[in-house]
Every structure is written in structure tokens, then in C-alpha cells.
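Architecture at a glance
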Amino acid sequence: MSTASGERMKYIDVAVAVIHYQEKYLLGYRGSHQHQGDRYEFVGGKIEASEQPKQALIREVYEEIGLDITSDGCINPLGVLRHEYLDISDTDRSKTVCLHVFRVQLSPDQFAVFRDKTQGCEGQRLHWVSKQRLLDNQYVLPEANQSILQWLRLDDVICITNQLSFNDTQGLDAVTEQSLVQWLEYHHQSLPQSATVYVRLASSSLKQQGRVVLKLCARRTDLNVIIQQPLADYLSQTNKLPVQVIAQHLTQAMLEHQLQQLQHGKNTSISQLSLPITVSCHSQYQIQAVNILAQYQLNHKLAPVIGAYLSPVQPTQTHPEQPCLGWEQFAILAEHCEVPVIALGGLAPQDLATVRRNNGDKVAGIRQFLTQEHQKI
Ligand SMILES: Nc1nc2c([nH]c(=O)n2[C@H]2C[C@H](O)[C@@H](COP(=O)(O)OP(=O)(O)OP(=O)(O)O)O2)c(=O)[nH]1
């Protein structure tokens, strides 16, 4: 995983392994003499000059817990975080770290060997903790790790709704009212229990879009909902933002607009809403834009970017003629993205393992995701 802007030399590069088996995560404990000591940590350590981040990850995991992660299981990049620690008194460069974070998903055999380990190779304490308690901040981690927890909050599988067309000139007339009822009924029936769902609506007035989202959230209180950024802003300003809304989404055009703002020395025009951000991207250029935006948000302690949809991976039934990335190109692009990549386009929930083998972290889609039979992975 490379960093965004050739600034790598300024940072202490660190490889970080988010090791887990299903919903159990492995934490170490930092000695009191260490920087950010007396805190839990993910297994990891400094990257040597001759190493690539993934090589360092493999070495550190082996040195610290004696586990060879090349043999089995699965490693995929989650993202890159640059963080300036202000807790070091001298002014040398060592206070600014660049964490290269990977997900290391253990196989059942690996977990069977490690599940009862309470001590690492260097005598450090080890703890298997539940994802729920980890995300509830029950374990005090180094400051920079807050972003990692935000990334892990987003589900592995994301459903996207069918489009609902509006008639903007006439408002919700009889015909569109009927299609609204059908759209609601269909999604009410077909969205899996507790699904994370990106509610994607054709452009129309925010009032109309808001009405749809409010109706869906009222019927399905179990959902975790992602909506577009202007709509999140609108609902927040009118004090109607449903509690189920967990993230605000930027389309490719919105992302490029934000990049232009930053390139002209302006601030982003994303609202001050603290809702985490997801973005759509399709190219190397847009991935760079995601990286710049993500780091800007981090530096300014604004809403974090927690995922980038990269599409289309495979041909889709609705647009079979549209050129798609294919796995090889997807893997190359995803490797350069500094937030977790969500694969989209012609995929099914069952493709998650393939996504992870190709540097992505999550999977999203419409057709094969909207079915009651679909089980959460
Ligand atoms: N290992 C680890 N380091 C982290 C995490 N989060 C975080 O901000 N860091 C920071 C703390 C340190 O400044 C730096 C890692 O340095 P380290 O001291 O653990 O590296 P190392 O194992 O190579 O140690 P050493 O031989 O230099 O003592 O990264 C994390 O989750 N795990």
C-alpha cells in the first residue's frame, strides 16, 4: 500500500494487523515504557527501510505472536492513516506515524491454535475481545486507532436500493405516489434483517427524497442507512435525521467538487455533520481524490471517510455493455486507496472472500443483495 502524496519520508511507517476470527479481535497491550504505552493495541510495529508494508506486517506478526500469516487465512489492506501525536516532548519526527493497516482474517485452524494464547513472544499480554466491546470503546487504544474502529463499524455487506423515479415538475402525483408505495413495499420485504443499506434515489427535491427515507426508516427500524450528503444535511437542518442513518454518501461528482475546493485552497463544503462519509469512485484519479479528502478530514478532526465504493467490478445485468474493471484492475486500484474499498458491480454477497483476496474489504450491490433469503455473512 503506498501513501498518497510522496510524503512518506516524513513519517514513521508502521504496519498494523487487525487480526480477527469472525467477531473476535486480537489485541496486545503496550508496555508502559513504550510510546502510547499502557494501552491496548493491534499487533504491529515499525516498517524497516527495505520493507514493503505487507512484508513488515508478516514479519511483525511472526515476531510478536509467532503466527505465520502467509500460510493460511487472508490478508487485505484496510487503509492508511497519518497521525501526529502531541504527547512526545522533543520536536523530532518520531511523533508523526503513518499506519498501514491490514485486516488479517484467521482460518479456523489458525484460530484453534491461538484462541487460548494470553501472552505474545515478547511477553506482552494478548486478549481476544468481542467486536461489539471493541467498537464500544471498552479498550483504550492509541489515539490514531479511532479511525480504524470507524472503518470496522461499516458492515461487510452493503445493500443498495433500486432507483425510485420522481416527477419533479408535478411533485408526488398519483402515479409516483403509487410507485412510492410499491418501492417501499418491495424494500420492506426484500432488505435482509439489520442490513446496511445505501438508499439511492434519483435526483429530485430534497423534500421528496427525505419523505421516502423517513417512510423506509419508520417501517424498518432495524436498518442501518446511508444517504447522500445533501439529503443528510437537509434532514439534519430540519431536525428529522433518523437515528438509523449511519453515514453520508458523496457521489463521484460531489467528490470531485470537494477536491476542487481543496485544490483552490478552500475548505471542503461538506457540512459539519459528524456522520462518517462514504464515496463513489471509478478511477485512479478519483482514488487519489478519496485519499486527499480522507486525510483532510482526519487532519481537521472532521467526519471520517470510512469507505470508497469502487465500481464496476464485473458486468451488470442492467448495463452489460458498460466497460468494467475486472479483478486485476480492481486489485491495483484498491491497493492505492487509503480507506477500506467496497467492491460494487455484478457481485453477490458470497463474493466477499474474492473481494478480500483482491485488496477490497467489503461488497455492495443491488440485485443479488435484495432478497430475504440473503443471510448476513
Ligand atoms: N503496534 C501498534 N502501534 C500503533 C498502533 N496504533 C498506533 O498509533 N501505533 C503507533 C504507536 C507507536 O508510535 C508506533 C509503533 O511503534 P512500536 O514501538 O510498536 O514499533 P516496534 O514494535 O517496531 O517497536 P520498537 O522495536 O521500535 O520498540 O505506532 C497499534 O494499533 N499497534
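Below is a short write-up of the structure. (Residues numbered from 1 in each chain as written. Predicted model: local features only at pLDDT ≥ 70, side-chain atom pairs only at ≥ 80, totals over all residues. Heavy atoms only, no water.)

**Considering the site of the ligand**
Taken together, 17 residues sit near the ligand, with His-35, Phe-42, Lys-46, Tyr-85 and Asn-145 positioned nearest. At a separation of 2.8 Å, a nitrogen atom of the ligand approaches a polar backbone atom of Phe-42. At a separation of 3.3 Å, a nitrogen atom of the ligand approaches a polar backbone atom of Gly-44. Listing elements by their share of the shell around the ligand, those giving two or more residues are strand E4 (43-46), helix H1 (53-65) and strand E6 (96-105). In terms of residue count, the dominant contributor to the shell around the ligand is E4 (three residues). Taken together, the residues of the shell around the ligand sort by class into seven nonpolar, five polar and five charged. (Near = heavy atom within 4 Å. Polar contact = N/O pair within 3.5 Å; in protein donor to acceptor, adjacent residues only side chain to side chain. Helix = DSSP H or I, 4+ residues; strand = E, 2+ residues; numbered from the N terminus. Nonpolar A, V, L, I, M, F, W, Y, C, P; charged D, E, K, R; others polar.)

**Topic: the packing of aromatic side chains**
Under the definition given, this model contains six aromatic pairs. Arranged with centres 4.9 Å apart and planes meeting at 80 degrees, the rings of Tyr-29 and Tyr-40 form a pair that is edge-to-face. In this pair, Tyr-29 is assigned in strand E2 (residues 24-29) and Tyr-40 in strand E3 (residues 40-41), connecting sequence segments 11 residues apart. With relative accessibility at 21%, the residue Tyr-29 sits in the partly exposed group. Here Phe-111 and Trp-128 contribute two aromatic rings whose centre-to-centre distance is 5.0 Å and whose plane-to-plane angle is 90 degrees, an arrangement assigned as edge-to-face. One end of the pair, Phe-111, is in helix H2 (residues 108-114); the other, Trp-128, is in strand E7 (residues 126-130), and 17 residues separate them in sequence. Residue classification places Phe-111 among the buried residues on the basis of a relative accessible area of 8%. Pairwise contacts between aromatic rings join Tyr-21, Phe-111 and Trp-128 into one cluster. Over the face of the ring belonging to Tyr-11 we find Arg-82, whose NZ or CZ atom lies 5.8 Å from the ring centre. Seen from the ring of Tyr-29, Arg-125 lies directly overhead, with NZ or CZ sitting 4.3 Å from the centre. (Phe/Tyr/Trp six-rings, centres within 6.5 Å; stacked < 30°, edge-to-face > 60°. Buried < 20%, exposed > 50% of the residue type's maximum accessible area, 1.4 Å probe, protein only. Lys NZ or Arg CZ within 6 Å of the ring centre and 35° of its normal.)

**Regarding empty space enclosed by the protein**
Enumeration over the complete set of coordinates arrives at one cavity of 30 Å³ or more. If you add up the space inside the largest cavity, you get close to 110 Å³. Contributing to the lining of the largest cavity are 13 residues, with Leu-81, Ala-294, Leu-298, Val-305 and Val-339 lying nearest its centre. Taken together, the elements giving at least two residues each to the lining of the largest cavity come down to strand E5 (74-84), helix H4 (145-153) and helix H9 (284-299). Here the lining of the largest cavity takes five residues from H9, the largest share from any one element. In terms of residue class, the lining of the largest cavity is built from eight nonpolar, four polar and one charged. (1 Å grid on protein atoms, 1.4 Å probe; cavity = no way out; pocket = protein on both sides within 12 Å on 5 of 7 lines; lining within 4 Å. Points joined across faces, edges and corners; volume = space filled by probe spheres on them.)

**Topic: the state of the cysteines**
Within the structure shown, the criterion is met by zero disulfides. No disulfide involves Cys-324; its sulfur sits 16 Å from that of Cys-281, the nearest cysteine. (Disulfide = S-S within 2.5 Å.)

**A word on the sheet that holds strand E15 (residues 362-365)**
The strand order around the closed barrel formed by eight strands is E8-E9-E10-E11-E12-E13-E14-E15, and the pairing between neighbours is parallel. The average angle at which neighbouring strand axes cross in this sheet is 30 degrees, direction not considered. Pairing geometry for strand E8 (residues 157-160) and strand E9 (residues 196-198), over three bridges, is parallel. Each residue of the ladder has a partner; that of Ile-160, found in E9, is Tyr-198. (Pairing = 2+ DSSP bridges. Axes fitted to C-alpha atoms, helices over the stretch in contact; angles between N-to-C directions.)

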